[in-house]
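# Report on the structure
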Amino acid sequence: MFDLLKVHARTEGHAAPPSSLVVNGERLGQWVVVQRQARRRGELTRDRLNRLQELPGWVWHAKDAAWQSAFLALTAYIEETGHAAPPVSYRTDGGRKLGGWVVEQRTRYRNNELSAERVEWLESLPGWVWNVADADWETAYSALFTYARQFGSATPPATYVTDDGLALGMWVATRRLQCRRGSLPALRKRQLEELPGWVWSPLDADWEAGYQALADYAGQAGHAAPPAVYVAHDGFRLGGWVRKQRERHRQHRLPEERRHRLEALDGWLWSLRSGPRGR
């Protein structure tokens, strides 16, 4: 039976099988329970005690085994999702209430009821946080990072929702509001500003969206001078947006930085009568 446990430890990464586990017709889980009971009664020889303790992930108490099993389930969740913040209601395929277990670990940590070893184990996990607000931030920030990498800027529309149901557009709007009110921590402000295309003003976000649409158009058409009535495939009135930039330029209301960015686009024109720039 010990050899079966060694195989289990080698394949599963730990020697703490559930008490109900049966392998090749042998009740391996129950055998482990018997060894723990024998040790508590002082009936386990020193040789067998040492051999068991040398197995990876061996624990003498059933509660320790349950904790270790949940910890391993969390590591598997991280490998699958990329973060250590399962929803409170989340259950594994086997029915384990993993989300509730994570909440319990944070509560015990706040109450100083979690051993130093378990604290160290949890903190070694990528993306682990003790504060739920931090967990929510990490989840949303990671989603925004992915959005920025996919679309070229961290400016999702206010109505944008990720495939897994995160209202990312509203999350971004809330961060901007927090910044205006002075309630956004400096570290998080810097993290957002490091994302490509991040802007603090919704008006700036609208301009960035228009500029990106024009850059896409220029890449396809070979010039940045769409017809005045041109509408992008997503319904954005790109021709009207371009006309507005020219008007603001004539009225000296277009910031210098935006003027330079527009002029850097191939075929940009400040006047339709001037002909393609540089041609």
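When helices and strands are counted, the chain shows 12 helices and 0 strands. Counting from the amino terminus, helix and strand elements in the chain follow one another as α-α-α-α-α-α-α-α-α-α-α-α. Relative to a compact globule of 279 residues, whose C-alpha radius of gyration would be 19 Å, the chain shows 29 Å and is clearly more extended. The principal-axis extents of the C-alpha atoms in the chain amount to approximately 100 × 40 × 25 Å. Considering the chain as a whole, with its 279 residues, one finds that 36% of them fall into the buried category. Partitioning the contacts of the chain with sequence separation of at least 6, the portion at a separation of at least 24 is 46%. Surface summary for the chain: the accessible area is close to 17000 Å², and the carbon and sulfur share equals 50%.

Attention now moves to the nonpolar core. Within the largest apolar cluster, 17 residues are counted, with the highest numbers of intra-cluster contacts made by Leu 74, Trp 101, Leu 122, Leu 125 and Trp 128. Mapped onto this core, the elements with two or more residues apiece are helix 4 (62-81), helix 5 (98-110) and helix 6 (116-123). The biggest single contributor to this core is helix 4, with 7 residues. In contact with Leu 122, not counting residues within four places along its chain, are Trp 67, Phe 71, Leu 74, Trp 101, Gln 105, Leu 114, Trp 128 and Trp 130.

Averaged over all residues, the pLDDT of the chain is 86; the fraction at 70 or higher stands at 95%. Within the chain, helix 11 (residues 238-250) carries the highest mean pLDDT (96), whereas helix 2 (residues 28-40) carries the lowest (78).

Tracing the backbone through its elements, the reader meets Trp 198 in the loop between helix 9 (186-193) and helix 10 (202-221). Each C-alpha atom of the pair Trp 198 and Gly 152 lies 10.0 Å from the other, and the pair is 46 residues apart in sequence.

One way to put it is that helix 10 packs onto helix 11 with a least axis distance of 10 Å and a crossing angle of 115°. In terms of their interaxial angle, helix 10 and helix 11 are classed as roughly perpendicular. The two elements helix 10 and helix 11 meet at a crossing, and its hand is left-handed. Residues Asp 206, Trp 207, Gly 210, Tyr 211, Ala 213, Leu 214 and Tyr 217 of helix 10 form the contact with helix 11, whose own contacting residues are Leu 238, Trp 241, Val 242 and Gln 245. Taken together, the residues of the contact of helix 10 with helix 11 break down into 8 nonpolar, 2 polar and 1 charged.

Next up on the list: the side chain of Arg 106. Take Arg 106: it is sitting in helix 5. Among buried charged residues, Arg 106 stands out as having no salt bridge; its nearest opposite-charge side chain is Asp 136, 7.2 Å away. Those residues in contact with Arg 106 that sit more than four places away from it in its chain are Ala 84, Trp 128, Val 129, Trp 130, Val 132 and Ala 135.

This part takes up the pattern of salt bridges. Summed over the entire model, instances satisfying the criterion amount to 10 salt bridges. A salt bridge links Arg 259 to Glu 256; the shortest N-O distance between them is 2.4 Å. Of the two residues, Arg 259 and Glu 256 both sit in helix 12 (residues 256-263), 3 residues apart, roughly one turn of that helix. Since its relative accessible area comes to 19%, Arg 259 is described here as buried. For Glu 256, a relative accessible area of 45% corresponds to the partly exposed category. Across the salt bridge formed by Glu 257 and Arg 261, the nearest N and O atoms sit 3.4 Å from each other.

The subject of this paragraph is unusual backbone geometry. The phi dihedral of Asn 24 is positive, around 50°, even though this residue is not glycine. Position of Asn 24 relative to the elements: it lies in the loop between helix 1 (2-12) and helix 2. Taking the relative accessible area as the measure of exposure, Asn 24 reaches 70% and is therefore exposed. Of note in the backbone geometry, His 252 takes a positive phi value of approximately 60° without being a glycine. Turning to its location among the elements, His 252 is positioned in the loop between helix 11 and helix 12.

This part is about the packing of aromatic side chains. For the coordinates displayed, the defined rule picks out 16 aromatic pairs. On the basis of an interplanar angle of 65° and a centroid distance of 4.9 Å, the ring pair of Tyr 147 and Tyr 160 is categorised as edge-to-face. Of this pair, Tyr 147 sits in helix 7 (residues 132-151) while Tyr 160 sits in the loop between helix 7 and helix 8 (168-181), and the two are 13 residues apart along the sequence. On the basis of relative accessibility, which here comes to 25%, the residue Tyr 160 falls in the partly exposed class. Considering the side-chain rings of Trp 207 and Trp 241, the 5.6 Å spacing of their centres and the 55° angle between planes classify their relative orientation as tilted.

Thresholds, definitions, all that
- Sequence order sets the numbering: in each chain, residues are counted from 1 along the sequence as written.
- A pLDDT threshold of at least 70 governs which residues receive local features in this predicted model, and a stricter bar of 80 or more applies before side-chain atom pairs are shown or counted, although totals over entire chains, interfaces and linings include all residues.
- Side-chain calculation: all heavy atoms of the structure are included, whereas hydrogens and water are not.
- Segments assigned H or I by DSSP are reported as helices when at least four residues long, segments assigned E as strands when at least two residues long, and all are numbered from the N terminus.
- Note that the radius of gyration is over C-alpha atoms, with the globule rule given as 2.2 Å times the number of residues to the power 0.38.
- Buried, partly exposed and exposed residues are distinguished by accessible area as a fraction of the type maximum, computed with a 1.4 Å probe on protein chains only: under 20%, between the cut-offs, and over 50%, respectively.
- We call two residues in contact when some of their heavy atoms are within 4.5 Å.
- Surface accessibility follows the Shrake-Rupley procedure with a 1.4 Å probe radius. Residue values consider only the protein chains on display as shielding.
- Nonpolar cores were defined as sets of buried Ala, Val, Leu, Ile, Met, Phe, Trp, Tyr and Cys residues, with membership established by side-chain atoms within 4.5 Å.
- Confidence of the prediction at every residue is given by pLDDT, a number between 0 and 100.
- To obtain an axis, a line is fitted to C-alpha atoms, over the contacting stretch when the element is a helix, and the angle between two such axes runs from 0 to 180 degrees between their N-to-C directions.
- Our angle categories are set so that under 35 degrees counts as roughly parallel, over 145 as roughly antiparallel, 65 to 115 as roughly perpendicular, and the remainder as oblique.
- Should the near helix be turned anticlockwise from the far one by less than a right angle, the crossing is termed left-handed; should it be turned clockwise, right-handed.
- Residue polarity is assigned by list, with Asp, Glu, Lys and Arg as charged and Ala, Val, Leu, Ile, Met, Phe, Trp, Tyr, Cys and Pro as nonpolar; anything else, Gly included, falls into the polar class.
- Two residue types count as positive, namely Lys and Arg, and two as negative, namely Asp and Glu; His and chain ends fall outside the count.
- We define a salt bridge as a contact between a side-chain nitrogen of Lys or Arg and a carboxyl oxygen of Asp or Glu at a distance within 4 Å.
- Aromatic pairing here means that ring centres of Phe, Tyr or Trp (its six-membered ring) are within 6.5 Å. Orientation follows from the plane angle: under 30 degrees is stacked, over 60 is edge-to-face, and everything else is tilted.

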